[in-house]
Amino acid sequence: MAGMELDFRQLDYFQFGNVFCGSKGKLRWRVEPRIPKEKEEQDKSVLHVWCWWDGLCFEKCAPSAEADFPLTQEGLDRLKAWLAREAGEGPRPGRSRTG
């Protein structure tokens, strides 16, 4: 699924601490920003993403993969590319955490 177009939010949506769930075909995902409370630590902010392949909601699913990306535009672009690769590879049990 190279070049797979994802319906996604812009960076500022995540910078304000909002969580986003989406899907494309059978792939489901949840993106959660993790922003440290201490101002001097905020450069360590990340976007944490989980993906899974069943129709269950996040609370009941067994994620097949998860990863962290910097909370930057480049990190968001890398996250989208990672999701596109996950979609192209399809569901496989026991996938490792990458990013």
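This one's a predicted model, so the numbers in the text were calculated from it and none came from an experiment.

Chemist: Account for the sheet that holds strand S4 (residues 65-70), with residues named and values stated.
Modeler: Read across the sheet, 4 strands follow the order S1-S2-S3-S4 without closing on themselves; strand pairing throughout is antiparallel. The open sheet has two edge strands with one neighbour each: strand S1 (20-24) and S4. The mean inter-strand angle of the sheet, taken between neighbouring strand axes irrespective of direction, is 20°. Relative to strand S2 (residues 27-34), S1 is paired through 5 bridges, and the arrangement is antiparallel.

Chemist: For the packing of aromatic side chains, give the residues involved together with the corresponding values.
Modeler: Aromatic ring pairs are reported here in terms of the distance separating the ring centres and the angle at which the planes meet. This model, assessed by the stated rule, comprises 8 aromatic pairs. On the numbers, 5.6 Å between centres and 55° between planes, the contact of Trp-52 with Phe-58 is tilted. One aromatic cluster is present, built from ring pairs that chain together Phe-8, Tyr-13, Phe-14, Phe-20 and Trp-29. The aromatic ring of Phe-58 is capped on one face by Arg-30, whose charged end is 4.7 Å from the ring centroid.

Chemist: Please provide a residue-by-residue account of the pattern of salt bridges, values included.
Modeler: Scanning all chains against the criterion turns up 2 salt bridges. Here Arg-30 ties to Glu-32 by a salt bridge, and the two come within 3.3 Å at their closest N and O atoms. Accessibility assignment for this pair places Arg-30 and Glu-32 in one class, buried. With a relative accessible area of 19%, Glu-32 lands in the buried category.

Here is what the cut-offs are and how they apply
Residues numbered from 1 in each chain as written. Predicted model: local features only at pLDDT ≥ 70, side-chain atom pairs only at ≥ 80, totals over all residues. Heavy atoms only, no water. Pairing = 2+ DSSP bridges. Helix = DSSP H or I, 4+ residues; strand = E, 2+ residues; numbered from the N terminus. Axes fitted to C-alpha atoms, helices over the stretch in contact; angles between N-to-C directions. Phe/Tyr/Trp six-rings, centres within 6.5 Å; stacked < 30°, edge-to-face > 60°. Lys NZ or Arg CZ within 6 Å of the ring centre and 35° of its normal. Salt bridge = Lys/Arg side-chain N within 4 Å of Asp/Glu carboxyl O. Buried < 20%, exposed > 50% of the residue type's maximum accessible area, 1.4 Å probe, protein only.

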